[in-house]
Amino acid sequence: MVSDAVSDYIFAPPEPVGLPVRGDARRFPVRRVYCVGRNYAAHAREMGHDPDREPPFFFQKNPDDLNLSGRFAYPALSKDVHFEIELVAALGPSLAGHMGPVDKDKALEHVWGYAVGLDMTRRDLQGAAKKAGRPWEVGKAFAGSAPIGPLAPVFETGHPERGAVTLDVNGARRQEGNLSELIWSLPEIIGHLSALFPLAPGDLIFTGTPSGVGPVAPGDVMFGAVEGVGSLEVQVV
């Protein structure tokens, strides 16, 4: 028998995407996934850009791109897939019903928790899109492109402003930075982002990656960590 809720649709809607929460059996429901581009000066330089504080820019991944499996399937149509380790902020229920921009001085009041995430990128397809003046989704928002660990609630982590952000591949250090090196702090990011999009509970923000991004191949094992938040191990298959 079809429930009334399901019968309102042509077919059953997909299950909501949820993240595990450290120390809690409940899951955190995800609404949207926002990413900040070039938010560490050294990474901006390695990508051929000036790291001056131009207004931040954003792109999105899809909630169902979040990957909790510990395995990253090397995607089709690309021969140059890069890792980008990031601190992820999760916005909580205090944003319910909020309209308009969020005051950056109050922005952290809306952060529910933090996680470690990877912004996996089909760099060759992203580069081709850039040259053609086209959107980046083909390089950024592909299936499984956002490996992520469990959320740590703010009451455990506080709001980290400093701390090492690292990624090792097969035991060798490839990325290393510090949260203190963010060009745009998380409160500033939330302020800018909320002026462009209506933020709501369940939104995730990937805050940017330090320098050292590079390619992976099947068989590689990536181990990323954000000091004070957690770690993430992902095998490329």
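Here the structure is shown first, and the text comes after it.
Quick caveat: nothing in here was measured; it's all calculated off a predicted structure. (Residues numbered from 1 in each chain as written. Predicted model: local features only at pLDDT ≥ 70, side-chain atom pairs only at ≥ 80, totals over all residues. Heavy atoms only, no water.)

Before we move on, could you go through the pairing of strand β9 (residues 111–118) and cite the residues and values that matter?
Burial analysis of β9 places seven of its eight residues in the buried class, which makes it a mostly covered element. Looking at chain direction, β9 and strand β12 (residues 152–153) are connected through two bridges and run antiparallel. Bridging from a neighbouring strand, Gly-113 pairs with Pro-153 of β12. (Buried < 20%, exposed > 50% of the residue type's maximum accessible area, 1.4 Å probe, protein only. Helix = DSSP H or I, 4+ residues; strand = E, 2+ residues; numbered from the N terminus. Pairing = 2+ DSSP bridges.)

How would you sum up the sheet that holds strand β17 (residues 221–226)? Please name residues and give values.
Across the sheet, five strands lie side by side as β6-β18-β17-β13-β14; this open sheet has mixed pairing. This sheet does not close on itself; its edge strands, each paired only once, are β6 (71–72) and β14 (172–178). Bridge count between strand β13 (residues 164–169) and β14: six bridges; the pairing is antiparallel. Each residue of the ladder has a partner; that of Asp-168, found in β14, is Arg-173.

Explain the side chain of Asp-168 residue by residue, including any values.
Mapping Asp-168 onto the fold places it in strand β13. On the accessibility criterion, Asp-168 (16% relative accessible area) is buried. A polar contact is formed between the side chain of Asp-168 and the side chain of Arg-173, at a distance of 2.3 Å. Those residues in contact with Asp-168, other than ones at most four positions away along the chain, are Arg-173, Arg-174, Val-221, Met-222 and Phe-223. (Polar contact = N/O pair within 3.5 Å; in protein donor to acceptor, adjacent residues only side chain to side chain. Contact = heavy atoms within 4.5 Å.)

Explain the side chain of His-110 to me, using residue names and the numbers behind them.
If you trace the backbone, His-110 turns up in the loop between β8 (85–91) and β9. With a relative accessible area of 13%, His-110 lands in the buried category. A distance of 2.8 Å separates the side chain of His-110 from the side chain of Ser-94, its partner in a polar contact. Apart from residues lying up to four places away in sequence, His-110 is in contact with Ala-90, Leu-91, Gly-92, Ser-94, Leu-95 and Val-102.

I'd like to hear about the environment of Tyr-114, residue by residue, with values.
When you line up the elements, Tyr-114 lands in strand β9. With a relative accessible area of 1%, Tyr-114 lands in the buried category. Between the alpha carbons of Tyr-114 and Ser-211 there is a distance of 21 Å; along the sequence they are 97 residues apart. Among the polar contacts made by the side chain of Tyr-114, one reaches the side chain of His-159 at a distance of 2.7 Å.

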